[in-house]
Each structure stands twice: as structure tokens, then as C-alpha cells.
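# Fold and geometry: a report
Residue-level listing of the chains:
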Amino acid sequence: MDEEYDVVVLGTGLTECILSGLLSVEGKKVLHMDRNDYYGGDSASLNLTQLYRKFRPGQEAPQQLGRDRDYAIDLIPKFIIASGELTKMLVHTDVTRYLEFKQIAGSFVYRDGRISKVPSTEMEAVRSPLMGLFEKRRAKKFFEFLQNWKEEDPVTHQGIDLDTDSMKTVYEKFGLEPGTQDFIGHAMALHLDDDYITKPARPTYERIVLYTSSMARYGKSPYIYPLYGLGELPQSFARLSAIYGGTYMLDKKVDEIVTDSDGQFVGVRCGEETVKAKQVIGDPSYFGAGQDSGKLRVVEEKKVVRAICILKHPIPGTDNSDSVQIIIPQNQVNRRNDIYIAMVSSTHNVCAKDVYVAIVSTIVETDKPELEIAPGIQLLGNIYEKFVSVTPLYTPTSSGEADQIFITRSYDATSHFETVVEDVQDVWKRVMGKDLVLKKREVEVGQ
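Residues numbered from 1 in each chain as written. Predicted model: local features only at pLDDT ≥ 70, side-chain atom pairs only at ≥ 80, totals over all residues. Heavy atoms only, no water.

Looking at the secondary structure, you find His-348 in the loop between β16 (339-345) and β17 (356-363). A relative accessible area of 0% means that His-348 is categorised as buried. Excluding residues within four positions of it along the chain, His-348 makes contact with Lys-102, Gln-103, Ile-104, Tyr-225, Pro-226, Leu-227, Tyr-228, Gly-229, Asp-322 and Ser-323. (Helix = DSSP H or I, 4+ residues; strand = E, 2+ residues; numbered from the N terminus. Buried < 20%, exposed > 50% of the residue type's maximum accessible area, 1.4 Å probe, protein only. Contact = heavy atoms within 4.5 Å.)

Structure follows, in C-alpha cells:
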């Protein structure tokens, strides 16, 4: 460890692995370390034994669940939006050669006590049970407006300026009901809360178009998912880094982030050895997260509650889909944050045959987090086994440009990767001093 590196990356979570892969491709000399003896950090996928060891120490996994090696259960459930930013990163870096994808069978939203498919075209809007007859006509006009919008043709703008008019103005122009606004804003634009309504409409317009174009690409839903679980993603970016000369060290305890008298990053100490580098990137757990001692480089912003539920049946009311996303918009259950349900099954090689894994997540708002996910749990039917965790969300206290210490954010409650990619782009810009530019190509998906 005498060599000096351009960048040391700590933790092999997805955010860190994408960054080390991209930096290696850029020609940076990268050393990537993890205290665990497996890849993935918080975003790992566990087999049955590992799952029980984590949540039920000393308890054996039941025989009825089948073979250990059939399982790869995600600790943090997320789906990939087919035309989204993560897909562009996978394709741009050619990481797709290590992965095989399958589409998620359905995208659903909860409204007025029932779950229904999210309509994504004017034709689906007309058939959707989510709306009454007159509301369907209004929604149809709204979708037509989005699909016909041309930047250079003011006639298609219908008097709306996406950069100055708020989303509230757009909704009001089309006379859309609050329940319709809920599924458009939360199940299509994938906003986490209702703050977006008073902001300019363009980002929401772009998010809805992303959803509808992703939906149009593969048909059943806008989401795709890697076979053998999300733990495959960090490993694939790690391979990319290795091809471009990146060095990996697993099972390596990091004892200290070394700085000089001015507080500038110098290196990372592991036992007696110190490895020198110009910059360090890492997840919050390497920078004092949850510890009282030492320099405070991260703060706890919120907490996420997640319940990993093992089922012996598909989720009722989802047309027996082998995989789904269900979003419960916060207004439907009197909350400030949405509740997300992500379900996968043996179709994705993540569990035994006739087993389904559903994960319910939300941002904690009270001192009884498990009660907060109850509306999601109730939709699942009989639950064979349930593992509940509450984890803090950490954010860095500084941008890192002053001391060359760049810290990533914890993974939020959303069931998609767009917020992770935003963090990758944000850290990249601070580390490199320029925007991350990606090429666009297609990704192949098994039906």
C-alpha cells in the first residue's frame, strides 16, 4: 500500500461502485476498499442464511423456504427505470455485458382503498378504474397535451410556460381532481412529497415523459431489474473499475481518515499502514455516521423504515403479477411521505419457486415506524416471514471541495434509482469539477 492513488473509495455500495468505475474509465488511479468481505455495503443482496443472521441471530432459516443459494434478497429494494439515468450509465460504461435484465410486470398505485394499474397513455387513462367518466376526459386531454408538446411550436403549449408556471397551474388548467394529481405526481413523476406542486412544471413534465417513454419501451411497466438481485449492480461496476486498472480490497478495516494540519485529506489508515491519495470518496459509515466521537462530517437527516416480507403468493389485486411496484401516495393515507412496495420473485432468480419477496418502505414520521408501513403491509395478504429495519439517512455536512473528502448520501425510501444517480452526478461534479456526460444507447431486456 505504498503507492499513491488519485482517489480512494470507501465502501462498495452502488453509488461508490458507479463512481469508482466511471473514475477508472476516466483514467484515474483508484483504490477501492470495504470493511466487509462482500460487495454491496448497504445495497447488498443476501442469501437466506445471511438474511437470518442479520435479522434473527441464532435462528436457522426454515427448511420450507428451500435452498440457501436460490436466494438473493435486496436490503434496499429499487427498480431501474427503463429510459432513466442509471440505464444510460449501465449502457455508457458497457456494464450491461455482465448483467441480464428482466422487466417488472406491473406498476400500480393505491387510491381510495384499492390498487389499480397506473395509466400511462391517453388510451389507458380512458379505461382506468382510477377515474370517473368526466375525469377520464380531462386526464386524456392532459396526456395529449404532454405528448404533443413541442418546444419550438407555441401552439402546442396551450398558453403554458413550463419554466414559470407551477404544476398547480397546469393541473388547474386541465381541471384535474386531487386524486388524479396524486397518481400523476407520485406514481408517474415519482415525486417523494407534494412540494413539487408549487414549483415550475418543467421537471415534472420531464419526469412524466420519462415514465411514459420507459413504459412504451417494454410494455408491461417502465421498470427493469437485474437477474440475481441488485447486488449484481455494484459488482458489475467493480469489474469495470478493475478492467481499467482499479484495485479492490475487501475485508479491510479502515481506522482513520488522515488529514494534514490544514484539514486537507492526505490518506486512509488501516492498522499500521496508511495509503496516500489526492481525494477520498465514501459512504457515510466511514465518516462518523452514528458515532459520537471524532469530526462530524455527516448528519442524520431522516430515517427509513423497511419491511422485507416473504410471501407464498402474488400480491392480491395485481393480476397475479410475478413482480410489481405499488406506490401509496401520502395524501391517500394522511402522511407527508409516500409508501413504496417493491415485489420480485423466482422469475428474477432471487428466491425459490412459488416464493415472492415484497419490501415495503417509507420515511419515518412518528415514533412508531412499523405502524407507518401498515397500509402497505395490509395490501400483501398473508405474510410468511417479515424482517423490519429502521435505518438513518445521512447527508454530508460539506461539499468536500475544501478538504477533498467527498461523502455520498444514504439510500432513500424510493423504489427506483433516480435519486442515487443524482447523487453520483453531484459527487462527480464536485470531484472532477465538470458535469458527467453520458452517451445514450439501448439496453436489452428478457421478456
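Among the nonpolar cores identified, the biggest contains 97 residues, and Leu-86, Leu-90, Phe-142, Phe-183, Leu-233, Ile-281 and Ile-308 are the most heavily contacted of them. In this structure, Phe-183 is in contact with Val-109, Arg-111, Val-118, Pro-119, Leu-130, Met-131 and Met-188, ignoring residues within four places of it in sequence. (Core = buried A, V, L, I, M, F, W, Y, C linked by side-chain atoms within 4.5 Å.)

This brings us to the environment of Lys-117. Mapped onto the elements, Lys-117 comes out in strand β8 (residues 114-117). The contact partners of Lys-117, leaving out residues within four places of it in the chain, are Ser-107, Phe-108, Glu-124, Ser-128, Leu-130, Met-215 and Lys-220.

Across all of its chains, the model carries three cavities of 30 Å³ or more by this definition. Lining of the largest cavity is provided by 13 residues; of these, Asp-74, Pro-77, Tyr-225, Val-344 and Ile-359 occupy positions nearest its centre. Of all the elements in the fold, those that place two or more residues in the lining of the largest cavity are β4 (73-74), β16 and β17. Among the elements that line the lining of the largest cavity, the one with the most residues is β16, at three residues. (1 Å grid on protein atoms, 1.4 Å probe; cavity = no way out; pocket = protein on both sides within 12 Å on 5 of 7 lines; lining within 4 Å. Points joined across faces, edges and corners; volume = space filled by probe spheres on them.)

Here we take up the environment of Ala-61. With respect to the secondary-structure elements, Ala-61 resides in the loop between α2 (48-55) and β4. Residue classification places Ala-61 among the partly exposed residues on the basis of a relative accessible area of 23%. Each C-alpha atom, one on Ala-61 and one on Ile-160, is 57 Å from the other, the two residues being 99 residues apart in sequence. Not counting the four nearest positions on each side in its chain, Ala-61 is found in contact with Leu-48 and Tyr-52.

Right, let's get into the packing of aromatic side chains. Describing an aromatic ring pair means giving the distance of the ring centres and the angle of the ring planes. Tallying each qualifying case throughout the model produces 13 aromatic pairs. On the basis of an interplanar angle of 50° and a centroid distance of 5.9 Å, the ring pair of Trp-149 and Tyr-205 is categorised as tilted. Taken together, the residues span a long stretch of sequence, with Trp-149 in the loop between α5 (133-148) and α6 (167-174) and Tyr-205 in helix α8 (residues 202-218) at a distance of 56 residues. We classify Trp-149 as buried; its relative accessible area is 8%. Owing to a relative accessible area of 14%, Tyr-205 belongs among the buried residues under this scheme. For the cation-ring pair, Arg-35 lies above Tyr-286, with the distance from its terminal atom to the ring centre recorded as 3.9 Å. (Phe/Tyr/Trp six-rings, centres within 6.5 Å; stacked < 30°, edge-to-face > 60°. Lys NZ or Arg CZ within 6 Å of the ring centre and 35° of its normal.)

Let's shift gears to the packing of helix α7 (residues 178-188) against α8. Put simply, α7 and α8 touch, their axes get as near as 9 Å, and they point 75° apart. Considering the angle they form, α7 stands roughly perpendicular to α8. Contacts from Ile-184, Ala-187 and Met-188 of α7 reach α8 at Arg-207, Ile-208, Tyr-211 and Thr-212. Taken together, the residues that form the contact of α7 with α8 break down as five nonpolar, one polar and one charged. (Axes fitted to C-alpha atoms, helices over the stretch in contact; angles between N-to-C directions. Parallel < 35°, antiparallel > 145°, perpendicular 65-115°, else oblique. Nonpolar A, V, L, I, M, F, W, Y, C, P; charged D, E, K, R; others polar.)

As a further point, take the pairing of strand β7 (residues 106-111). Of all the six residues making up β7, six are buried; the element is thus mostly covered by neighbouring parts of the structure. Relative to strand β15 (residues 324-328), β7 runs parallel, the two being bridged by four bridges. Its bridge partner lying in β15, Phe-108 is registered against Ile-326. Alignment of β7 against β8, held across four bridges, turns out to be antiparallel. Note that in β8 the partner of Arg-111 across the bridge is Arg-114. What sits between β7 and β8 in their antiparallel hairpin is a turn of two residues, with Asp-112 showing a positive phi close to 50°. (Pairing = 2+ DSSP bridges.)

Between helix α1 (residues 14-25) and helix α9 (residues 232-243), the shortest axis-to-axis distance is 8 Å and the interhelical angle comes to 20°. What the angle tells us is that α1 and α9 run roughly parallel. For the crossing formed where α1 meets α9, the hand is left-handed. For the pair α1 and α9, the contacting residues are Leu-14, Cys-17, Ile-18, Ser-20, Gly-21, Ser-24 and Val-25 in the first and Leu-233, Pro-234, Phe-237, Leu-240 and Ser-241 in the second. In terms of residue class, the contact of α1 with α9 is built from eight nonpolar, four polar and no charged. (Left-handed = near helix turned anticlockwise from the far one by under 90°.)

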